[in-house]
Amino acid sequence: RINEKSELFIECPNDKACLGSTQTKKEPTGRCEEGYQGNVCADCEDDWSLTSAYNCSPCPDPVVNTIRLIAIFLFAFTLLGSM
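Remember, it's a predicted structure, so these values are computed and weren't measured experimentally. (Residues numbered from 1 in each chain as written. Predicted model: local features only at pLDDT ≥ 70, side-chain atom pairs only at ≥ 80, totals over all residues. Heavy atoms only, no water.)

Engineer: With reference to specific residues and values, describe the overall build of the protein chain.
Structural biologist: The secondary structure content of the protein chain amounts to one helix and six strands. The order of helices and strands in the protein chain, counted from the N terminus, is β-β-β-β-β-β-α. Put simply, the protein chain has 83 residues, and 12% of those count as buried. For the protein chain, the share of sequence-separated contacts (at least 6 apart) that also reach a separation of at least 24 residues comes to 22%. (Helix = DSSP H or I, 4+ residues; strand = E, 2+ residues; numbered from the N terminus. Buried < 20%, exposed > 50% of the residue type's maximum accessible area, 1.4 Å probe, protein only. Contact = heavy atoms within 4.5 Å.)

Rendered as structure tokens:
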């Protein structure tokens, strides 16, 4: 639900992301799995990225990501250079 006063419950678009609430931690909007946040756990936390509809995954290591991007650019440059 949107807040603790709302009586309208919205179905979670990703069942694995929405954990609901517990008796010990009465969170009116429910809890989210690690990596998810917001209403119906539809947003990704910082350092997580949306990989598909309502699915969040950890962001890759910046160094590894940079190496991948350089490799892609070099491959594209080599491919275009041979044409």
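Engineer: Residues and numbers for the nonpolar core, please.
Structural biologist: Ala-17, Tyr-36, Cys-41, Cys-44 and Cys-56 together form the largest nonpolar core, which totals five residues. With sequence-adjacent residues up to four places away left out, Cys-41 is seen in contact with Ala-17, Cys-18, Arg-31, Cys-32 and Tyr-36. (Core = buried A, V, L, I, M, F, W, Y, C linked by side-chain atoms within 4.5 Å.)

Engineer: Quick rundown of the pairing of strand 6 (residues 55–58)? Include the residues and the values.
Structural biologist: With four bridges joining them, strand 5 (residues 48–52) and strand 6 adopt antiparallel strand pairing. Across the sheet, Leu-50 pairs through a bridge with Cys-56, a residue of strand 6. (Pairing = 2+ DSSP bridges.)

Engineer: If you had to explain unusual backbone geometry to someone new, which residues and values would you point to?
Structural biologist: The backbone of Cys-41 sits at a positive phi, close to 50 degrees, despite the residue not being glycine. By relative accessible area, which is 4% here, Cys-41 ends up buried. With phi around 70 degrees, Asp-47 is a residue other than glycine that occupies positive phi space. Relative to the helices and strands, Asp-47 is located in the loop between strand 4 (43–44) and strand 5. A relative accessible area of 62% places Asp-47 in the exposed class.

Engineer: Describe the state of the cysteines, with residues and values.
Structural biologist: As enumerated under the stated definition, the model contains three disulfides in all. Between the sulfur atoms of Cys-12 and its disulfide mate Cys-18 the distance is 1.9 Å. Here Cys-12 and Cys-18 share a disulfide; its torsion about the S-S bond, 75 degrees, makes the bridge right-handed. Relative accessible area serves as the criterion here: at 13%, Cys-12 is assigned to the buried category. Paired by a disulfide, Cys-32 and Cys-41 hold their sulfur atoms 2.0 Å apart. Measuring handedness by torsion sign, the sulfur bridge of Cys-32 and Cys-41 sits at about -90 degrees and is left-handed. Of the residues examined, Cys-32 reaches a relative accessible area of 22% and is grouped as partly exposed. Disulfide connectivity for the protein chain, with bonded cysteines indexed by sequence position, reads 1-2, 3-4, 5-6. Here Cys-59 stays free of any disulfide, with the sulfur of Cys-44 as its closest cysteine sulfur at 8.2 Å. With a relative accessible area of 39%, Cys-59 lands in the partly exposed category. (Disulfide = S-S within 2.5 Å.)

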